[in-house]
Amino acid sequence: MPVTRLTEDEIGLQLEAFSNWDLRDGKLCRSLQFTDFSAAFAFMTRVAQAAEQLNHHPEWSNVWNRVEIALTTHDAGGISELDFALAGRIEALLH
Ligand SMILES: C[C@H](O)[C@H](O)[C@H]1CNC2=NC(N)=NC(=O)C2=N1
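Rules of the game
- As a convention, each chain's residues are numbered from 1 in the sequence order in which they are written.
- Only residues with pLDDT of at least 70 get local features here, since the model is predicted, and only at 80 or more are side-chain atom pairs given and counted; chain-wide, interface and lining totals rely on the full set of residues.
- With hydrogens and water stripped out, all remaining heavy atoms of the structure feed into the side-chain values.
- Every helix listed is a DSSP run of H or I at least four residues long, and every strand listed is a run of E at least two residues long, numbered separately from the N terminus.
- Accessible area is worked out with a 1.4 Å probe on protein chains only. A residue is then buried under 20% of its type maximum, exposed over 50%, and partly exposed in between.
- Any two strands between which DSSP finds at least two bridges are classified as paired.
- Geometry is summarised by axes, namely lines fitted to C-alpha atoms with helices restricted to the contacting stretch, and by angles between N-to-C directions that run from 0 to 180 degrees.
- Whether two residues are in contact is decided by their heavy atoms, any of which lying within 4.5 Å being enough.

**Observations concerning the side chain of His56**
- On the secondary structure map, His56 appears in the loop between helix 2 (37–54) and strand 3 (59–63).
- Exposure remark for His56: the relative accessible area of 6% places this residue in the buried category.

**So, the sheet that holds strand 1 (residues 22–24)**
- Pairing in this open sheet of four strands is antiparallel, and the strands run 1-2-4-3 from one edge to the other. The sheet is open, and its two edges are formed by strand 1 and strand 3, each paired on a single side. This sheet shows a mean twist of 30° between the axes of neighbouring strands, independent of strand direction.
- Pairing of strand 1 with strand 2 (residues 27–33), which is carried by three bridges, proceeds in the antiparallel orientation. By the bridge assignment, Asp22 is partnered in strand 2 with Cys29.
- Strands strand 2, strand 3 and strand 4 (66–71) of the sheet are contacted by helix 2, whose axis makes an angle of about 165° with strand 3.

**A word on unusual backbone geometry**
- Phi at Asn55 is positive, roughly 50°, even though this residue is not glycine.
- Relative to the elements of secondary structure, Asn55 occurs in the loop between helix 2 and strand 3.
- Residue Asn55 is classed as exposed on the basis of its relative accessible area of 59%.
- Although it is not a glycine, Trp64 sits at a positive phi angle of roughly 50°.
- If you trace the backbone, Trp64 turns up in the loop between strand 3 and strand 4.

As structure tokens, then:
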């Protein structure tokens, strides 16, 4: 069953449980700062494994100890449940 994008209301509702995330340009975004590059890249490696398990991948960038993440579902043309699933896995890696 193809994944479908969520409505604005659905996104707003789900976002309440993701207080560290915000909507920017229609994507679910999170900014992170680690102690150094190695810590940032180790985190990215773990996220990559989760992304592969979900078959759902982030748009992200890394500058030294900072990682910027933007989640959207290309196949759905917007934010879907998969984005919140991956965001949940990312939060679990951080705590
Ligand atoms: C062929 C493969 O299943 C698709 O391209 C998957 C891969 N990872 C993906 N990741 C994201 N963020 N959106 C997608 O639509 C998507 N589709």
